[in-house]
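# Topology and contacts: notes
These are the residues of each chain, in order.
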Amino acid sequence: MNLHQFFMHFLQENELVRANLINDRSFESIEALVDYKEVEVGGLDVRSPVAGLLTMTEVELISHLVDIGSDDHLHHVAYDVSSYPVLIDHQYILEAGDGAGVIHHDIIQNLHAILKESGILPGHPMYIHKDEPLDPEEVRQLDRIYKGPIYWLYDNLTWRTLRATLKRLNVEPDGHQKEDYLRHITSVVTHPKYLEGILLHLGFEEYTLIRENVEKGFNVYEANSRWETAKEVGLLVKVHADYYVMHEAVRQALAEVNFRTVEEKHRRSPQPAGRKRQGGDYNAYAMQLTIKDIGFRIRREIIVPAGINFFELHLIIQKAMGWQRKHDAAFRTGDITIFETVDQLKGAEQEGRQMAASFTQIDAVFDQFNPLEYVYGDSYRVAVDLQDTANIHRAIPMIRNYEGPAPIENIGGAARLPGILEILENPKHPDYAATYEKVRATNYRERYPITAINHQIEKLFAKSHPLTEFNANGMDI
């Protein structure tokens, strides 16, 4: 169905009255109105008044439909004046009966083109869908994102994330649709007075670095735990597996903030690092894993849901370190030992309190003992330190930051790791080839694959039931 047939079929006699009001002219027949509408649609450009009148709900509809084809070139939508007032008033969505509406694809394409040209729709994608690191040339693509339409940058966030952010900032939006949340969050984070309050949510170190970056004109941040709170309060938005950005409008508004006032408030109510939230207002824990018995740091920062069991924490540590579950493991603190399996528990000498990981939740133990030690066979000991509580929107663990290489398995333990790494850093070493061949067969990686590991963890924990030693054997762990 072409555009002429569309208007001839769906325009009704009663539409003449609406057309006369909207266009401030008289149409004596449907045919005259159809001729006018065809010319109007063909001539749509950035100067057309309709572009500046469309609601964001209508803009989102156009953005959604532009890449959807149909055999008859028609899109069937709700005939809902509250959702699509401009498209209905301008007779682009026409009534098809029983509360249904219809719009022609030519109209969608022409409106989409002028929305992009006017900057209402972004000219480029607002998220880079890659798991691999960006090379320096590709990082430059991010300026298109943080200088693009702010509405569409924050549209990367889910409805739940937006709601949680506004709740944390004590902002009550008018309405509960995603469009309402987007309108409010983009208003708040671009208002210097509101930003003074938002900055108080940051730890002083994070605040100081944000201020320095604002003054230097930086908009791009590495996606690590240092900026977790800034992301949670809406100052930063994730646009790639390894990068957050601060929208240019947010950075410019921050440049107008009275930082002296903010710093005085920070000094009056300091937030020491690692302090737990009071009142149980959390559903997750931030933990640090540190390899012991070596002279340099191998560290992983993880966030895990509250209420998981120690077998699940064991799996997370294995993934975080790149290990392959080739040795028995246990947690130890004081006189408590928590074994990976029931068989280990049954075969152990009766010393102190002994428990099975699958039947022991982490919460009560960490409330009394912190840090714990995780022992992986005779190879490695890991300090497991609960540092803070947090709120997460999905009960999925993740690695937030890391330092140091993957501790290599089956090399004789932590004491031999520095020597093995020294060989691997020198391809001319006489033992390089044999050592490299051996470690590649285990868990050695030249670059720590944080994104890939987080994907593995997400897949593993995307279950409706707890993971235990009894139901994990058939899974890819």
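Residues numbered from 1 in each chain as written. Predicted model: local features only at pLDDT ≥ 70, side-chain atom pairs only at ≥ 80, totals over all residues. Heavy atoms only, no water.

This paragraph deals with the overall build of the protein. Each helix and strand counted, the protein has 23 helices and 14 strands in total. Its C-alpha atoms give the protein a radius of gyration of 29 Å, clearly above 23 Å, the size a compact globule of 477 residues would have. Principal axes of the C-alpha set define a box for the protein whose edges measure 95 × 55 × 50 Å. The buried share among the 477 residues of the protein stands at 48%. Counting every atom, the protein has about 24,100 Å² of accessible surface; 47% of that belongs to carbon and sulfur. (Helix = DSSP H or I, 4+ residues; strand = E, 2+ residues; numbered from the N terminus. Rg over C-alpha atoms; globule rule 2.2 N^0.38 Å. Buried < 20%, exposed > 50% of the residue type's maximum accessible area, 1.4 Å probe, protein only. Areas by Shrake-Rupley, 256 points an atom, 1.4 Å probe, with all protein chains shown as cover.)

As a further point, take the sheet that holds strand β9 (residues 329–333). Spatial ordering of the open sheet is given by β11-β10-β9-β12-β13-β7-β8-β14, a layout of eight strands whose pairing is mixed. What marks the edges here is a single partner per strand, and that holds for β11 (353–356) and β14 (398–403). The mean inter-strand angle of the sheet, taken between neighbouring strand axes irrespective of direction, is 25°. Note: strand β8 (residues 299–305) against β14, five bridges, orientation antiparallel. Bridge pairing in β14 places I303 opposite M398. (Pairing = 2+ DSSP bridges. Axes fitted to C-alpha atoms, helices over the stretch in contact; angles between N-to-C directions.)

We now examine the nonpolar core. As a rule of thumb, soluble globular proteins bury nonpolar side chains together. One finds Y154, L199 and I210 to be the most contacted residues of the largest nonpolar core, which totals 86 residues. Membership of the second largest hydrophobic core comes to 54 residues, among which are Y285, I291, L313 and A472. (Core = buried A, V, L, I, M, F, W, Y, C linked by side-chain atoms within 4.5 Å.)

This part is about unusual backbone geometry. Omega for the bond connecting N370 with P371 falls within 30 degrees of zero, at 0°, which places this linkage in the cis form. Secondary-structure assignment places P371 in the loop between α20 (362–368) and β12 (372–376). Unusually for a residue other than glycine, D98 sits at a positive phi of about 55°. Inspection of the secondary structure puts D98 in the loop between β2 (94–97) and β3 (100–104). With a phi angle near 55°, N170 is a residue other than glycine that sits in the positive phi range. Its location among the elements puts N170 in the loop between α11 (159–168) and α12 (178–188).

In this section: the packing of aromatic side chains. Taken as a whole, this structure holds 16 aromatic pairs when the rule is applied. Consider the rings of F6 and F10, whose centres lie 5.7 Å apart with planes at 50°: the pair is tilted. Of the two residues, F6 and F10 both sit in helix α1 (residues 3–10), four residues apart, roughly one turn of that helix. Each member of the pair, F6 together with F10, is buried. (Phe/Tyr/Trp six-rings, centres within 6.5 Å; stacked < 30°, edge-to-face > 60°.)

Turning next to the pairing of β11. Covered by surrounding structure in β11 are Q354 and A356 only, the residues R353 and M355 on the alternate face being uncovered. The pairing of strand β10 (residues 336–339) with β11 spans four bridges and is classified as parallel. Paired with I338 across the strands is M355, a residue of β11.

It is worth spelling out the confidence of the model for the protein at this point. Across the protein, pLDDT averages 86, with 94% of residues at or above 70. Low pLDDT (under 50) marks residues 270–280, which in the prediction has 13 contacts with non-local residues, meaning those over four places away or in another chain. (pLDDT = per-residue confidence, 0-100. Contact = heavy atoms within 4.5 Å.)

Right, let's get into the packing of helix α5 (residues 56–65) against helix α7 (residues 105–118). At a closest axis distance of 9 Å, the pairing of α5 and α7 adopts a crossing angle of 115°. Classed by the angle they form, the pair α5 and α7 counts as roughly perpendicular. Considering how the two elements wind past one another, α5 and α7 form a crossing that is left-handed. Where α5 approaches α7, its residues V59, I62, S63 and L65 are matched on the opposing element by H105, I108, L111, H112 and L115. Of the residues in the contact of α5 with α7, the class split is six nonpolar, three polar and no charged. (Parallel < 35°, antiparallel > 145°, perpendicular 65-115°, else oblique. Left-handed = near helix turned anticlockwise from the far one by under 90°. Nonpolar A, V, L, I, M, F, W, Y, C, P; charged D, E, K, R; others polar.)

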